[in-house]
Amino acid sequence: MATTEQGVDEVQTELESTLRTGSLLMALAGAAFIGYGVVFLVLNFVGSGFEIGVSTLGGMTPADLNPAVAYYISHLHVATAAFIISTGIAVTALSWFGIRQQLTWAWATAVVTAVVGLALALPMHYTADAFSHDWITHLGPVYLTTFVFVVGAVRSYRGL
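Just so it is clear, the structure is predicted and the values come from calculations on it, not from any experiment.

Colleague: Sorry, what's going on with the overall build of the protein chain here?
Modeller: A tally of helices and strands in the protein chain yields 4 helices and 0 strands. Counting from the amino terminus, the protein chain carries its helices and strands in the arrangement α-α-α-α. Here the protein chain has a C-alpha radius of gyration of 20 Å; the compact-globule value for 160 residues is 15 Å, and the former is much larger. Seen through its principal axes, the protein chain has C-alpha atoms that stretch 80 × 25 × 20 Å. By residue count, 31% of the 160 residues in the protein chain fall in the buried class. Contacts in the protein chain between residues far apart in sequence, at least 24 positions, make up 72% of those at least 6 positions apart. Counting only carbon and sulfur atoms, one obtains 70% of the accessible surface of the protein chain, whose full area is about 9600 Å². In the protein chain, 4 side chains carry a positive charge and 9 a negative one; their mean positions are 10 Å apart.

Colleague: Explain unusual backbone geometry here, please?
Modeller: Excluding glycine, most residues fall at negative phi; most peptide bonds, likewise, are trans. Although it is not a glycine, Gln 102 sits at a positive phi angle of roughly 65°. Summarising the element assignment, Gln 102 is placed in the loop between helix H2 (67-98) and helix H3 (104-121). The class for Gln 102 is partly exposed, based on a relative accessible area of 40%.

Colleague: Even after reading the chapter, I still don't get the nonpolar core, so can you show me in this structure?
Modeller: The nonpolar side chains of soluble globular proteins are, as a tendency, buried together. Core analysis: the biggest nonpolar cluster contains 13 residues, and Met 26, Ile 99, Trp 107, Ala 110, Val 111, Phe 149 and Ala 153 have the highest contact counts within it. Going through the elements one at a time, helix H1 (2-46), H2, H3 and helix H4 (135-159) are the ones with two or more residues in this core. Among the elements that line this core, the one with the most residues is H3, at 5 residues. Ignoring any residue separated from it by four or fewer positions in sequence, one finds Phe 149 in contact with Met 26, Ala 29, Val 91, Ala 110, Val 111 and Ala 114.

Colleague: How should I be thinking about the side chain of Thr 146 in this particular structure?
Modeller: You can see Thr 146 is positioned in helix H4. Of the residues examined, Thr 146 reaches a relative accessible area of 18% and is grouped as buried. Apart from the residues within four sequence positions on either side, Thr 146 is in contact with Phe 33 and Leu 118.

Colleague: Please explain H3 as it appears in this structure.
Modeller: Since one α-helical turn is 3.6 residues long, residues separated by three or four positions face the same way. With 18 residues, H3 should cover 26 Å at 1.5 Å per step; its first-to-last C-alpha distance of 26 Å lies within 8% of that length. Among the residues making up H3, those that are buried are Ala 106, Trp 107, Ala 110, Val 111, Ala 114 and Leu 118. Along the axis of H3, the buried residues cluster in a sector spanning 125°; they form a single face. Along H3, the residues that are exposed and aim more than 90 degrees away from the buried face are Trp 105 and Leu 120.

Colleague: When you look at the packing of aromatic side chains in this model, what are you seeing that I'm missing?
Modeller: The relative placement of two aromatic rings is captured by the distance of their centres and the angle of their planes. Tallied over the entire structure, the rule returns 2 aromatic pairs. Residues Tyr 36 and Phe 40 carry aromatic rings whose centres are separated by 6.4 Å and whose planes lie at 45° to one another, so their mutual orientation is tilted. Placement of the pair is Tyr 36 and Phe 40 together in helix H1, with a separation of 4 residues, close to one helical turn. Assigned by exposure class, Tyr 36 and Phe 40 land together as buried.

Colleague: What should I look at first to understand the environment of Leu 103 in this one?
Modeller: Locating Leu 103 in the fold gives a position in the loop between H2 and H3. We classify Leu 103 as partly exposed; its relative accessible area is 32%. The sequence separation of Leu 103 and Leu 160 amounts to 57 residues, and the corresponding C-alpha distance is 7.8 Å. Not counting chain neighbours up to four residues away, the residues in contact with Leu 103 comprise Gly 98 and Leu 160.

The rules behind these values
Counting from 1, residues in each chain are numbered in the order their sequence is written. For this predicted model, a pLDDT threshold of at least 70 governs which residues receive local features, and a threshold of 80 or more governs which side-chain atom pairs are given and counted, while totals over whole chains, interfaces and linings are taken from all residues. With hydrogens and water set aside, each side-chain value is computed from the structure's full complement of heavy atoms. Strands are runs of DSSP state E lasting at least two residues, helices are runs of H or I lasting at least four, and both sets are numbered from the N terminus onward. As a reference, a globule follows 2.2 Å times the number of residues to the power 0.38, and the radius of gyration itself is taken over C-alpha atoms. Residue burial is assigned from relative accessible area. The probe radius is 1.4 Å, only protein chains are included, and a residue is buried under 20% of its type maximum, exposed over 50%, and partly exposed in between. Residue contacts are defined here by distance: any two heavy atoms, one from each residue, within 4.5 Å place the two residues in contact. Computed with a 1.4 Å probe, the accessible areas rest on the Shrake-Rupley method; for each residue, only the protein chains presented here act as cover. His is not counted, nor are the chain ends, whereas Lys and Arg count as positive and Asp and Glu as negative. By convention, the point assigned to a charge is CZ for Arg, NZ for Lys, CD for Glu and CG for Asp. Here the nonpolar core consists of buried residues drawn from Ala, Val, Leu, Ile, Met, Phe, Trp, Tyr and Cys, with membership extended through side-chain atoms lying within 4.5 Å. Helix span is expected to be 1.5 Å times the residue number reduced by one. Note that the arc is computed from the directions linking the helix axis to the C-beta atoms. Pairing of aromatic side chains here covers Phe, Tyr and the six-membered ring of Trp, requires ring centres within 6.5 Å, and sorts the geometry by plane angle: under 30 degrees stacked, over 60 edge-to-face, intermediate tilted.

This is the structure in structure tokens:
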């Protein structure tokens, strides 16, 4: 009888560890989304190009554009950065506080939040060659963060 209880305790401890590790990875990915958004925002104001990994559009820098067009692009970058940062905050908070409390709704909300953002944003990068960008600096951080997030989501789900 004691060995059965011991086995159950070991399984419970392993599940709790898996949950903690998974939620930590998801929270770290959320923090990385925040960092990416902050860099995106800062580069809008002090960078020499348009965004991370995009230095020119059709050979033109922001200074070469009509000022109204350049301002409009800047406006879109600020809005994009805001949504990347806010998504990162939501994912981090849901992962660190909700998933660690074994709240399945928090796990589902964090996953849906990240998936919707990525599913809408990433395909556009593969639809045309309208502008050139450095794949490593432009999308590399997002893919790395997504990988960490997915590993964390799988691990934490097993712990739920």
